[in-house]
Amino acid sequence: AAERPTAPATVAFAGVPQAPLKPFAAEEDALTNHLALDCEMVSVGTSGSSALAQVVVVNFDEKIVYAAYVRPPEPITDYRTHVSGI
(Lines give C-alpha, C1' and ligand atoms only; values in the text may rest on other atoms or scores of the structure.)
Protein backbone atom coordinates (compact mmCIF):
# COMPACT_ATOMS: atom_id res chain seq x y z
CA ALA A 1 0.00 0.00 0.00
CA ALA A 2 1.13 3.56 -0.63
CA GLU A 3 2.51 5.40 2.37
CA ARG A 4 0.22 8.12 3.69
CA PRO A 5 1.43 11.47 5.02
CA THR A 6 1.81 11.76 8.79
CA ALA A 7 0.04 15.10 9.14
CA PRO A 8 -2.48 17.23 7.26
CA ALA A 9 -1.53 20.08 4.94
CA THR A 10 -1.02 23.47 6.54
CA VAL A 11 -3.27 26.51 6.20
CA ALA A 12 -2.09 29.61 4.35
CA PHE A 13 -2.38 33.01 6.02
CA ALA A 14 -5.59 35.05 5.81
CA GLY A 15 -6.17 36.75 2.49
CA VAL A 16 -4.04 34.28 0.49
CA PRO A 17 -6.25 32.42 -1.98
CA GLN A 18 -5.83 28.66 -2.05
CA ALA A 19 -7.61 25.48 -3.03
CA PRO A 20 -9.58 23.64 -0.31
CA LEU A 21 -7.35 21.46 1.88
CA LYS A 22 -7.81 17.72 1.65
CA PRO A 23 -8.61 15.93 4.91
CA PHE A 24 -6.07 13.47 6.30
CA ALA A 25 -7.30 10.00 7.26
CA ALA A 26 -5.03 7.25 8.60
CA GLU A 27 -5.24 3.60 7.67
CA GLU A 28 -7.94 1.58 9.44
CA ASP A 29 -5.34 -0.25 11.56
CA ALA A 30 -4.56 3.09 13.29
CA LEU A 31 -7.94 2.96 15.03
CA THR A 32 -7.85 1.96 18.69
CA ASN A 33 -10.57 1.40 21.29
CA HIS A 34 -10.01 4.90 22.68
CA LEU A 35 -10.00 8.04 20.55
CA ALA A 36 -9.74 11.74 21.42
CA LEU A 37 -11.40 14.59 19.53
CA ASP A 38 -10.01 18.13 19.36
CA CYS A 39 -11.84 21.02 17.74
CA GLU A 40 -10.30 24.42 17.06
CA MET A 41 -12.52 27.45 16.86
CA VAL A 42 -12.16 30.87 15.23
CA SER A 43 -14.14 34.11 15.52
CA VAL A 44 -16.44 34.89 12.60
CA GLY A 45 -18.67 37.71 11.41
CA THR A 46 -19.22 41.10 12.98
CA SER A 47 -20.47 39.60 16.26
CA GLY A 48 -17.25 37.61 16.80
CA SER A 49 -19.17 34.40 17.41
CA SER A 50 -17.29 31.09 17.38
CA ALA A 51 -17.20 28.68 14.47
CA LEU A 52 -15.44 25.37 13.91
CA ALA A 53 -12.20 25.70 11.89
CA GLN A 54 -10.34 22.42 12.46
CA VAL A 55 -11.12 18.95 13.76
CA VAL A 56 -8.50 16.35 14.73
CA VAL A 57 -8.98 12.80 16.03
CA VAL A 58 -6.04 10.96 17.64
CA ASN A 59 -5.80 7.36 18.79
CA PHE A 60 -4.66 5.98 22.15
CA ASP A 61 -1.01 6.27 21.02
CA GLU A 62 -1.54 9.96 20.11
CA LYS A 63 -1.23 9.24 16.38
CA ILE A 64 -3.45 11.32 14.10
CA VAL A 65 -6.36 9.27 12.81
CA TYR A 66 -8.25 12.09 11.10
CA ALA A 67 -7.61 15.79 10.58
CA ALA A 68 -9.47 18.35 8.51
CA TYR A 69 -9.90 22.08 8.24
CA VAL A 70 -13.47 23.35 8.12
CA ARG A 71 -14.53 26.44 6.18
CA PRO A 72 -16.70 28.53 8.53
CA PRO A 73 -20.01 29.83 7.14
CA GLU A 74 -18.97 33.48 7.69
CA PRO A 75 -15.72 35.39 7.10
CA ILE A 76 -13.08 34.77 9.78
CA THR A 77 -12.39 37.87 11.88
CA ASP A 78 -9.92 36.34 14.38
CA TYR A 79 -7.97 33.12 13.94
CA ARG A 80 -7.21 32.98 17.69
CA THR A 81 -3.77 31.67 16.71
CA HIS A 82 -2.39 32.02 20.24
CA VAL A 83 -4.99 29.45 21.33
CA SER A 84 -5.92 27.50 18.20
CA GLY A 85 -2.58 27.29 16.44
CA ILE A 86 -4.33 28.10 13.15
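Residues numbered from 1 in each chain as written. Predicted model: local features only at pLDDT ≥ 70, side-chain atom pairs only at ≥ 80, totals over all residues. Heavy atoms only, no water.

Quick notes on the pairing of strand S4 (residues 64-69)
Step number 1: Note: strand S1 (residues 24-25) against S4, two bridges, orientation antiparallel. The partner of Ala25 across the bridge, within S4, is Tyr66.
Step number 2: Bridge count for strand S3 (residues 49-59) against S4 is five bridges, and the pairing is antiparallel. Paired with Val58 across the two strands is Ile64, which belongs to S4.
Step number 3: Counting the residues that bridge the hairpin from S3 to S4 gives four residues, and of these Glu62 lies at a positive phi of roughly 65°. (Pairing = 2+ DSSP bridges. Helix = DSSP H or I, 4+ residues; strand = E, 2+ residues; numbered from the N terminus.)

Examining the sheet that holds S1
Two orientations exist for strands paired in a sheet by backbone hydrogen bonds: parallel and antiparallel.
Step number 1: Across the sheet, five strands lie side by side as S1-S4-S3-S2-S5; this open sheet has antiparallel pairing. Strand pairing shows two members of the sheet lacking a second neighbour, S1 and strand S5 (76-78), which therefore form its edges.

Some details on the nonpolar core
Step number 1: Counting residues in each nonpolar core, the largest one holds five residues, listed as Val42, Val44, Ala51, Ala53 and Ile86.
Step number 2: Mapped onto this core, the elements with two or more residues apiece are strand S2 (35-44) and S3.
Step number 3: Discounting residues that sit within four places of it in the chain, Ala53 has contacts with Glu40, Met41, Val42, Ala68, Tyr69, Val70 and Ile86. (Core = buried A, V, L, I, M, F, W, Y, C linked by side-chain atoms within 4.5 Å. Buried < 20%, exposed > 50% of the residue type's maximum accessible area, 1.4 Å probe, protein only. Contact = heavy atoms within 4.5 Å.)

A closer look at the environment of Ser84
Step number 1: Mapping Ser84 onto the fold places it in helix H1 (residues 81-84).
Step number 2: Excluding residues that lie within four positions of it along the chain, Ser84 makes contacts with Glu40, Met41 and Tyr79.
Step number 3: A distance of 2.8 Å separates the side chain of Ser84 from the backbone oxygen of Tyr79, its partner in a polar contact. (Polar contact = N/O pair within 3.5 Å; in protein donor to acceptor, adjacent residues only side chain to side chain.)

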